[in-house]
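What follows is each chain in one-letter form.
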Amino acid sequence: MSGKSKNTIRADWWSKTLAGCILGWTLALAVAGIFAWAGPGGADAPNKTQFVMWMIAPVWMLVFSLSYLFRSGARALLWLGVANALAYALLFSLRGVPALS
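So, a few notes on the structure that sits alongside this text.

What counts and what doesn't
- Residues numbered from 1 in each chain as written.
- Predicted model: local features only at pLDDT ≥ 70, side-chain atom pairs only at ≥ 80, totals over all residues.
- Heavy atoms only, no water.
- Helix = DSSP H or I, 4+ residues; strand = E, 2+ residues; numbered from the N terminus.
- Expected span 1.5 Å × (residues − 1).
- Buried < 20%, exposed > 50% of the residue type's maximum accessible area, 1.4 Å probe, protein only.
- Arc of directions from axis to C-beta.
- Contact = heavy atoms within 4.5 Å.
- Patch = residues over 30% accessible without salt bridge, like charges linked within 9 Å, V, L, I, M, F, W, Y side chains within 5 Å.
- Areas by Shrake-Rupley, 256 points an atom, 1.4 Å probe, with all protein chains shown as cover.
- Salt bridge = Lys/Arg side-chain N within 4 Å of Asp/Glu carboxyl O.
- Core = buried A, V, L, I, M, F, W, Y, C linked by side-chain atoms within 4.5 Å.
- Phe/Tyr/Trp six-rings, centres within 6.5 Å; stacked < 30°, edge-to-face > 60°.
- Lys NZ or Arg CZ within 6 Å of the ring centre and 35° of its normal.
- Axes fitted to C-alpha atoms, helices over the stretch in contact; angles between N-to-C directions.
- Parallel < 35°, antiparallel > 145°, perpendicular 65-115°, else oblique.
- Left-handed = near helix turned anticlockwise from the far one by under 90°.
- Nonpolar A, V, L, I, M, F, W, Y, C, P; charged D, E, K, R; others polar.

Here we look at helix 3 (residues 73-94)
If you check helix 3, its first and last C-alpha atoms are 31 Å apart, about what 22 residues at 1.5 Å a residue would give, namely 32 Å. Burial in helix 3 covers these residues: Gly73, Ala76, Leu80, Asn84, Ala87, Leu91 and Leu94. Down the axis of helix 3, the buried set is contained in an arc of 90°. They therefore lie on one face. Exposed side of helix 3, more than 90 degrees from the buried face: Ala74, Leu78, Trp79, Leu86 and Phe92 are the residues found there. Structurally, helix 3 contributes buried residues whose contacts are with helix 1 (13-38) and helix 2 (48-66).

Thoughts on helix 2
Given a rise of 1.5 Å per residue, 19 residues ought to cover 27 Å, and the 27 Å separating the end C-alpha atoms of helix 2 matches this to within 8%. Every buried residue of helix 2 is accounted for by Lys48, Val52, Met55, Ile56, Val63 and Phe64. The elements touched by buried residues of helix 2 are helix 1 and helix 3.

Concerning a nonpolar patch on the surface
A cluster of nonpolar residues, Leu78, Trp79, Val82 and Leu86, forms a patch on the protein surface that exposes about 440 Å² of accessible area. Checked against the element boundaries, leucine 86 lands in helix 3.

Let's talk about unusual backbone geometry
Phi is positive for asparagine 47, close to 65°, though the residue is something other than glycine. Position of asparagine 47 among the secondary structure elements: in the loop between helix 1 and helix 2.

Quick word on the nonpolar core
With 11 residues, the main nonpolar core is built from Ala19, Leu23, Leu27, Ala30, Ile34, Val63, Ala76, Leu80, Ala87, Leu91 and Leu94. Among the secondary structure elements, those contributing two or more residues to this core are helix 1 and helix 3. Look past the residues within four positions of alanine 30 in its chain and what remains in contact with it is Ala87, Tyr88 and Leu91. Of all hydrophobic cores here, the second largest spans 6 residues; its members include Ala28, Ala36, Val52 and Met55.

Some words on the packing of aromatic side chains
If you walk through the whole model with that rule in mind, you get 4 aromatic pairs. A cation over a ring is seen here: lysine 48 above phenylalanine 35, with NZ or CZ 5.0 Å from the ring centre.

Side note on the packing of helix 1 against helix 2
It is at 8 Å that the axes of helix 1 and helix 2 come closest, and there the two elements cross at 150°. The angle between the axes of helix 1 and helix 2 places the two elements in the roughly antiparallel class. Between helix 1 and helix 2 lies a crossing whose hand is right-handed. Side by side, helix 1 and helix 2 meet where Thr17, Gly20, Cys21, Gly24, Trp25, Leu27, Ala28, Leu29, Val31, Ala32, Phe35 and Ala36 of the first sit next to Lys48, Phe51, Val52, Met55, Ile56, Val59, Trp60, Val63 and Phe64 of the second. Across the contact of helix 1 with helix 2, the residue classes tally to 17 nonpolar, 3 polar and 1 charged.

Read these as geometric descriptors, not functional statements.
Shown next, in the form of structure tokens:
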């Protein structure tokens with residue numbers, strides 16, 4: 001066998017891991033915030049805080065695991081960064097809107 005084996009780990013798995021860990025966490029926080037503000041009953045709905053708190057982990061782990069499907073770590077950083085920017089723009093724009101009942 002000459003050259004590298006097909007089963008070698010790519011060098012950019014560190015950047016994919018960091019992108020999924022850090023940007024995935026911030027994206028999960030934004031998604032939870034969007035649900036908290038725009039979901040049924042608005043931010044003051046009873047018993048909503050527990051659901052919003054517990055939805056962060058599954059969303060984070062989903063984004064974290066999907067971050068390894070990007071071709072490179074740079075693409076993972078770019079796309080997750082754009083997703084974060086859009087999610088936080090939506091979150092901050094929803095804060096001034098009355099609750100959607």
